[in-house]
Amino acid sequence: MDKQVDVSIVVPLYNEEDNVRELYRELITVMADRSYEILFVNDGSSDRTTELIREISAADPHVVVVNFRRNFGQTAAMSAGFDYSCGDVIVTMDGDLQNDPADIPKLLDKINEGNDVVAGWRFKRQDPFWSRRLPSMIANRLISWITGVKLHDYGCTLKAFRKYVVENIKLYGEMHRFIPAIASAVGISIAEVRVNHRPRRHGTSKYGISRTFRVILDLITVKFLLSYSNRPIHIFGLIGLISLCLGALISFVLVVQRQLYAMPLADRPMLLLAILLIFIGIQFVTFGLISELQIRTYHESQNKPIYYVKEVIRRP
Ligand code: UDP
Ligand code: MG
């Protein structure tokens, strides 16, 4: 990473042969008087995308191409873009022309106002209602409620980040939509701007309705990481204790009934339930303890701090 630029634009590309040229043209027009670079991360395209971005980069030193060996997914592509970028601000956007490069200056202005993350909000989203807008509406409400990071549109790839935000987070699976939520663990300020959204004119979307379920599972992971990654026993132990107490209570009632009132015990489902609850309770508590060991290995083997410092003020 030799050169220094102000803005790195990261674009994941997977079979976008009919879009890259137009996207490149729009980008250079918008960015004309700024110091910038464009990182085209080619996520194992099997069409002419590879060839086209190679041509573009040969003619323009602003363009960096990262070619993946195979298709690793959009999150991996964005992550690679972060790794190879050298700008102070990183802007991510889709490579299918659905995001409008003309919105980038708006995002940059918001960053300059002192925000660490600026998320685009596709105010008038141009996607089908049932398969896209409705699931995404529900997902957005859910994510905002559960993670406590209040945004209208998590799925919009058009976002801008200060460099240290992307330096401090690691992405797995399909977590790119959760970057603001994951980054909120570092302690950052997040803003939102309304952005233009255009229908996909060339190529096809790479996702279907099945994405909804993966988003829900990812949400559980993110919530767990945000709230309990430093104290897993508090969640597993709590569930365990509740289950244990319930089991013990039922057992107690059963014993009293059996001993004082001579009620039969052998044919009662309640007994099974009590045993089950006690077992589950013990399992959860032990699971919490094992997780506590795990997080120590996780943090201490990599010297990962459990805090992030903004500044230290010491009197000279
Ligand atoms: N993409 C990618 N790898 C993949 C799937 C998608 O790099 O495995 C890129 C794709 O080329 C596009 C962006 O991610 O630039 C968003 O994909 P898409 O437009 O299919 O998603 P949608 O807009 O339908 O949510
Ligand atoms: Mg798209």
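## Section: the coordination of the magnesium ion (ligand 2)
Reference geometry at the metal: tetrahedral coordination by four donors gives ideal angles of 109.5 degrees; octahedral coordination by six donors gives 90 or 180 degrees. On the protein side, the magnesium ion (ligand 2) has Asp-96 (OD) and Gln-98 (OE1) as donor atoms, found 1.9 to 2.0 Å from it. You can call Asp-96 buried: its relative accessible area is 5%.

## Examining a nonpolar patch on the surface
On the surface, a nonpolar cluster with roughly 320 Å² of combined accessible area is contributed by Met-270, Leu-273, Leu-276 and Ile-280. Structurally, the position occupied by Leu-273 is in helix H10 (residues 269–301). Residue classification places Leu-273 among the partly exposed residues on the basis of a relative accessible area of 37%.

## Details of the packing of helix H9 (residues 232–261) against H10
Between two packed helices, the angle of one axis relative to the other and the distance separating the axes together describe the packing. Running from amino to carboxyl end, H9 crosses H10 at an angle of 160 degrees, the nearest separation of the two axes being 7 Å. The orientation of H9 with respect to H10, classified from their angle, is roughly antiparallel. Judged by the sense of rotation from one axis to the other, the crossing of H9 with H10 is left-handed. Here the contact of H9 with H10 is composed, by residue class, of 23 nonpolar, eight polar and one charged.

## Remarks on the nonpolar core
Ranked by internal contacts, the top residues of the largest apolar core, which has 32 residues, are Val-41, Phe-82, Phe-161, Leu-171, Phe-178, Ile-179 and Ile-182. Elements represented by at least two residues in this core include exactly strand S2 (36–42), helix H3 (74–84), strand S5 (117–122), helix H5 (129–147), helix H6 (163–167), helix H7 (179–183) and helix H8 (211–228). If you look at the next biggest cluster of nonpolar residues, it comprises 31 residues, including Leu-23, Met-31, Val-63 and Leu-158.

## Describing the site of ligand 1
In the region of ligand 1, 18 residues are neighbours, and Glu-16, Asp-43, Asp-96, Ser-205 and Lys-206 sit closest. In this structure, Glu-16 approaches ligand 1 through a side-chain N or O atom, which is 2.6 Å from an oxygen atom. A distance of 2.6 Å separates a nitrogen atom of ligand 1 from a polar side-chain atom of Asp-43. Calculation on ligand 1 without its partners gives an accessible area of 530 Å², and the protein chains cover 95% of this total.

Cut-offs and rules
- Residues numbered from 1 in each chain as written.
- Chains lettered and ligands numbered in written order.
- Predicted model: local features only at pLDDT ≥ 70, side-chain atom pairs only at ≥ 80, totals over all residues.
- Heavy atoms only, no water.
- Donors = N, O, S within 2.8 Å, 3.2 Å for Na, K, Ca; no water.
- Buried < 20%, exposed > 50% of the residue type's maximum accessible area, 1.4 Å probe, protein only.
- Patch = residues over 30% accessible without salt bridge, like charges linked within 9 Å, V, L, I, M, F, W, Y side chains within 5 Å.
- Areas by Shrake-Rupley, 256 points an atom, 1.4 Å probe, with all protein chains shown as cover.
- Salt bridge = Lys/Arg side-chain N within 4 Å of Asp/Glu carboxyl O.
- Helix = DSSP H or I, 4+ residues; strand = E, 2+ residues; numbered from the N terminus.
- Axes fitted to C-alpha atoms, helices over the stretch in contact; angles between N-to-C directions.
- Parallel < 35°, antiparallel > 145°, perpendicular 65-115°, else oblique.
- Left-handed = near helix turned anticlockwise from the far one by under 90°.
- Nonpolar A, V, L, I, M, F, W, Y, C, P; charged D, E, K, R; others polar.
- Core = buried A, V, L, I, M, F, W, Y, C linked by side-chain atoms within 4.5 Å.
- Near = heavy atom within 4 Å.
- Polar contact = N/O pair within 3.5 Å; in protein donor to acceptor, adjacent residues only side chain to side chain.

Any functional reading would require information that these geometric values do not contain.
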